[in-house]
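Results of the structural survey
In case you want the letters, here they are:
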Amino acid sequence: MGFGPHLLLAVLEGLVTSAVLALTALGLSLVFGVMRVVNVAHGELFMLGAVLAWAVTTAVGGSPALGFAAALVIAPLIVGAVAVLAERLVLRRVDYDPEATIVATIGLLYIIQQLALTFYGADARPVPPPYNMRIALPWFGYSAYKLSVIGASALLLAVAWLVLTRTRAGLIMRATQYDRETAQAFGIPVERVYAAVFAIGAMLAAIAAVLIVPITQAHYLMGQDPLLLSFAVVIIGGLGSLRGTVVAALLIGVSDGVISMFFSPTLAKLIATLAVAMVLVFRPQGLFGKAM
């Protein structure tokens, strides 16, 4: 293939990465934006979603589409329930203190990771895609499932925007974000809002994992890269900013795809790290975030 086909392939692969990264980072950004909690265990909740996707598809058997559909419903619900349990038993007990929650979620990270190793094992295991089709493009055929991942992510991001900006639930979240004490004085159940937000953030990560696991494989150590890249996205885009999350995910994902294709994956990671450092130095609140 010449330059044009290689570039198109790199951009498409970068968009798939961006789609999954945007959902994962949105969960991390939402939790920090509303709760002011840095969830270091976010990557392990992503991993748990992938492992559960394998478990559900294996248990269902039969048609890959049926197993995948079941995993897309069951895995996020279980991960959301785990997040609610963690919020009530851990975060609420330390009163959402920023320093204490970092330590607590580091502990949660290792607990989830070791439980996955114990019950799932150390092997990477594939999850079959719900369908195997290829879309004819000008130079080559491309996976229809990968294109559907991009479309599903775009739809979920649009739903998240509508919920946050056009619904009463979104108004309650934003009120809690701006002033916890005032929101509580007006009768908003802040602790219930926190539990719901923490669960939604975890479920977004789990959905992203279920979408990507037919392309990669489920592994008990797969949470590290999503966590680090999600931190890069929320730092560049701005903590709590949906627009910033989407823009930063596109920048990181597409640049990673193009640079990895024409140069090396290591250079792509170095440039992403440099971009994070530059933002922290010159615009600490991120491209679309507000100064705190």
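All of these numbers come straight from a predicted model, not from anything done at the bench. (Residues numbered from 1 in each chain as written. Predicted model: local features only at pLDDT ≥ 70, side-chain atom pairs only at ≥ 80, totals over all residues. Heavy atoms only, no water.)

**Let's talk about the overall build of the chain**
- Along its length, the chain carries 11 helices and 2 strands.
- Order of helices (α) and strands (β) in the chain, N terminus to C terminus: α-α-α-α-β-β-α-α-α-α-α-α-α.
- A compact globule built from 292 residues should have a C-alpha radius of gyration of about 19 Å, and the chain, at 19 Å, falls within 12% of that.
- Judged by the C-alpha coordinates and their principal axes, the chain covers about 60 × 50 × 35 Å.
- The buried share of the chain, taken over its 292 residues, is 45%.
- Counting contacts in the chain only where the partners sit at least 6 residues apart, residues at least 24 apart contribute 77% of the total.
- Summed over all atoms, the accessible surface of the chain reaches about 14000 Å², with 70% contributed by carbon and sulfur.
- Between the mean site of the 16 positive side-chain charges and the mean site of the 12 negative ones, the chain shows a separation of 10 Å. (Helix = DSSP H or I, 4+ residues; strand = E, 2+ residues; numbered from the N terminus. Rg over C-alpha atoms; globule rule 2.2 N^0.38 Å. Buried < 20%, exposed > 50% of the residue type's maximum accessible area, 1.4 Å probe, protein only. Contact = heavy atoms within 4.5 Å. Areas by Shrake-Rupley, 256 points an atom, 1.4 Å probe, with all protein chains shown as cover. Lys, Arg positive; Asp, Glu negative; His and termini not counted. Charge placed at Lys NZ, Arg CZ, Asp CG, Glu CD.)

**As for a nonpolar patch on the surface**
- A surface patch of nonpolar side chains, amounting to about 750 Å² of accessible area, comprises Phe3, Leu7, Met261, Phe262, Phe263, Leu267, Leu270 and Ile271.
- Put simply, the parts of the chain that give the nonpolar patch at least two residues each are helix H1 (3–35), helix H10 (242–262) and helix H11 (265–282).
- Ranked by the residues each element gives to the nonpolar patch, the list is headed by H11, at 3 residues.
- With respect to the helices and strands, leucine 267 occurs in helix H11. (Patch = residues over 30% accessible without salt bridge, like charges linked within 9 Å, V, L, I, M, F, W, Y side chains within 5 Å. Salt bridge = Lys/Arg side-chain N within 4 Å of Asp/Glu carboxyl O.)

**Structural notes on the pattern of salt bridges**
- If you walk through the whole model with that rule in mind, you get 5 salt bridges.
- Measuring nitrogen to oxygen at the nearest pair gives 3.5 Å for the salt bridge that ties arginine 92 to glutamate 191. Of the two residues, arginine 92 is situated in the loop between helix H3 (64–91) and helix H4 (98–119) and glutamate 191 in helix H8 (residues 190–212); the sequence distance between them amounts to 99 residues.
- The exposure class assigned to arginine 92 is partly exposed, which follows from its relative accessible area of 24%.
- Overall, glutamate 191 belongs to the partly exposed group, its relative accessible area being 34%.
- Arginine 180 is paired through a salt bridge with aspartate 95; the nearest N and O atoms lie 3.5 Å apart. Of the two residues, arginine 180 sits in helix H7 (residues 180–185) while aspartate 95 sits in the loop between H3 and H4, which places them 85 residues apart along the sequence.
- A relative accessible area of 23% means that arginine 180 is categorised as partly exposed.
- For aspartate 95, a relative accessible area of 49% puts it in the partly exposed group.
- Three or more residues are tied together by salt bridges with common partners; here these are Glu87, Arg92 and Glu191.

**Quick notes on the environment of valine 258**
- Relative to the assigned elements, valine 258 resides in helix H10.
- According to the relative accessible area criterion, valine 258 is partly exposed, its value standing at 22%.
- Between the alpha carbons of valine 258 and isoleucine 235 there is a distance of 22 Å; along the sequence they are 23 residues apart.
- Beyond its immediate chain neighbours, meaning those up to four positions away, valine 258 contacts Leu7, Ala10 and Val11.

**Structural notes on the nonpolar core**
- Within the largest apolar cluster, 81 residues are counted, with the highest numbers of intra-cluster contacts made by Val34, Met35, Phe46 and Val197.
- Contact partners of methionine 35, with chain neighbours within four places excluded, come to Glu87, Leu91, Tyr96, Tyr194, Val197 and Phe198. (Core = buried A, V, L, I, M, F, W, Y, C linked by side-chain atoms within 4.5 Å.)

**Describing the UniProt feature "transmembrane region" (unreviewed entry) in the chain**
- The sites that UniProt annotates as "transmembrane region" (unreviewed entry) are residues 6–33, 45–62, 68–90, 102–122, 142–164, 193–215, 227–252 and 259–282.
- With 86% helix and 0% strand, the stretch residues 102–122 has end C-alpha atoms that lie 26 Å from each other.
- This span, residues 193–215, is 87% helix and 0% strand, and a straight line between its end C-alpha atoms measures 34 Å. (UniProt positions renumbered as here; feature names shortened; annotations may be inferred.)

**Quick word on the layout of surface pockets**
- Of the volumes computed, that of the largest pocket is approximately 930 Å³.
- Looking at the largest pocket, it is lined by 34 residues, and the ones nearest its centre are Gln177, Gly238, Leu239, Gly240 and Ser241.
- Contributing elements (two or more residues each) for the lining of the largest pocket: H1, helix H5 (144–166), helix H6 (168–178), helix H9 (224–237) and H10.
- Counting residues per element, the lining of the largest pocket draws most heavily on H1, which supplies 7 residues.
- By volume, the second largest pocket is sized at about 660 Å³.
- Lining the second largest pocket are 27 residues, with Thr17, Asp225, Leu229, Asp256 and Lys269 sitting closest to its centre.
- Elements represented by at least two residues in the lining of the second largest pocket include exactly H1, H9, H10 and H11.
- Examining the composition of the lining of the second largest pocket, we find that 7 residues originate from one element, H1, more than from any other. (1 Å grid on protein atoms, 1.4 Å probe; cavity = no way out; pocket = protein on both sides within 12 Å on 5 of 7 lines; lining within 4 Å. Points joined across faces, edges and corners; volume = space filled by probe spheres on them.)

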